[in-house]
Amino acid sequence: MKNGAEDREAFAAFLLRLRAKGIASKELVAAFEATPRSAFIPKRWENVAWSNRMAPIECGEAIEGADLQAMVLDSLAIEPGNRVLEIGTGSGFTAAVMSRLAGRVATVERYKTLADLAKERLEAMAITNVHVRHADGANGLPGEGPFDRIVVWAAFDSLPRSFADQLASGGTMIAVIGAAEEPQLLTRLTKVGSRFDRIDLGQVRFQPMIQGIATSL
């Protein structure tokens, strides 16, 4: 287990890496600093909490490296009062960070165990503007939008056009596009009229989007 000094040193190194990547949003940095990442990672992996390494979490899933999470949330450019939809709650860490930037966050998780643990962690931090759903998020939350921002922590085979109706005009969606065995691109999609303007942000490797909810976990 890390002591406080080690955790502060790891966070300082994380900030240096962000600056080197051109990520300098004071609001985003403050949101990360206010959210203890080790509280969202199994204790045996606390030593990599602020690293760029993925770490295993429950249900055979993993939490992305801190640097990638920061890049995604920086690209999402959340503004005060925004309604945010997150697909893939995971440990709940990114929902907690976004809660400090947005008005409301709806986060969807297909594994009940992960959804329940995320709720517990968020409640322990007295975060009240995040709503965790145990549901199939492959098609978002139809009928509950529009959302100003959407972020998806899984890869679509092709452009996720079904999400356009759930995104507010001028809103931003961050999603990964590319089949499991093909090059995958992290993309920023901006809604213009009924279509998306697309900017590719770089290659990544995410698990493919899975339909349905987990039946036993």
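Our structure is the block above this text.
Throughout, a residue's number is its position along its own chain's written sequence, starting from 1. Local features in this predicted model are restricted to residues whose pLDDT is 70 or higher, and side-chain atom pairs enter the listing and the counts only when it is 80 or higher, whereas totals over whole chains, interfaces and linings include all residues. Hydrogens and water are ignored here; the side-chain numbers use all heavy atoms of the structure.

Topic: the nonpolar core
Logical step 1: Working definition of a nonpolar core: buried Ala, Val, Leu, Ile, Met, Phe, Trp, Tyr and Cys residues. They are joined through side-chain atoms within 4.5 Å. Exposure classes here rest on a 1.4 Å probe applied to the protein chains alone. A residue is buried below 20% of its type maximum, exposed above 50%, and partly exposed in between. One finds Phe14, Phe32, Trp50, Leu73 and Met98 to be the most contacted residues of the largest nonpolar core, which totals 49 residues.
Logical step 2: Per the convention used, a helix needs a DSSP run of H or I reaching at least four residues, while a strand needs a run of E reaching at least two, with both numbered from the N terminus. Looking at this core, the elements with two or more residues in it are α1 (4-20), α2 (26-33), α3 (66-76), α4 (93-99), α5 (112-124), β5 (130-134), β6 (147-156) and β7 (167-177).
Logical step 3: Between two residues, a contact is recorded if the distance between any of their heavy atoms is within 4.5 Å. In this view, Phe32 contacts Phe11, Phe14, Trp50, Gln69, Ala70, Leu73, Phe93 and Val97; residues no more than four positions away in its chain are not counted.

Observations regarding the pattern of salt bridges
Logical step 1: Definition used for salt bridges: Asp or Glu carboxyl oxygen within 4 Å of a side-chain nitrogen of Lys or Arg. For the coordinates displayed, the defined rule picks out nine salt bridges.
Logical step 2: Put simply, Asp116 and Lys112 hold a salt bridge, and the shortest N to O gap is 2.8 Å. One end of the pair is Asp116 and the other is Lys112, both in helix α5 and four residues apart, which spans about a single turn.
Logical step 3: Lys112 gets classed as partly exposed once you look at its relative accessible area, which sits at 42%.
Logical step 4: Notably, a salt bridge pairs Asp197 with Arg195, separated by 2.5 Å at the nearest N-O pair.
Logical step 5: Residue Asp197 is classed as partly exposed on the basis of its relative accessible area of 36%.

Regarding α2
Logical step 1: Within the span of α2, buried status applies to Leu28, Ala31 and Phe32. Along the long axis of α2, the arc covered by the buried residues comes to 100°, so they all point the same way. Summarising the geometry of α2, the exposed residues directed more than 90 degrees from the buried face are Lys26, Glu27 and Glu33.
Logical step 2: On its buried face, α2 is in contact with α1, α3 and α4. Throughout, the arc means that of the directions going from the helix axis to the C-beta atoms.

Here we look at the sheet that holds β7
Logical step 1: Two strands qualify as a pair provided DSSP detects at least 2 bridges between them. Within the open sheet, the seven strands sit side by side as β5-β4-β3-β6-β7-β8-β9. Their pairing is mixed. Only two strands of the sheet have a single partner each, and these edge strands are β5 and β9 (195-204). Geometrically, the sheet is characterised by an average inter-axis angle of 15° between neighbouring strands, direction not taken into account.
Logical step 2: Sheet analysis places strand β8 (residues 184-192) next to β9, joined by nine bridges and oriented antiparallel. Paired with Arg188 across the strands is Ile199, a residue of β9.
Logical step 3: Only C-alpha atoms enter the line fits that serve as axes; for helices the fit covers just the stretch in contact. Angles between N-to-C directions range over 0 to 180 degrees. Here α3 sits on the sheet in contact with β6, β7, β8 and β9, set at roughly 145° to β6.
Logical step 4: Against the sheet, α5 touches β4 (104-109) and β5, its axis set at about 165° to β5.

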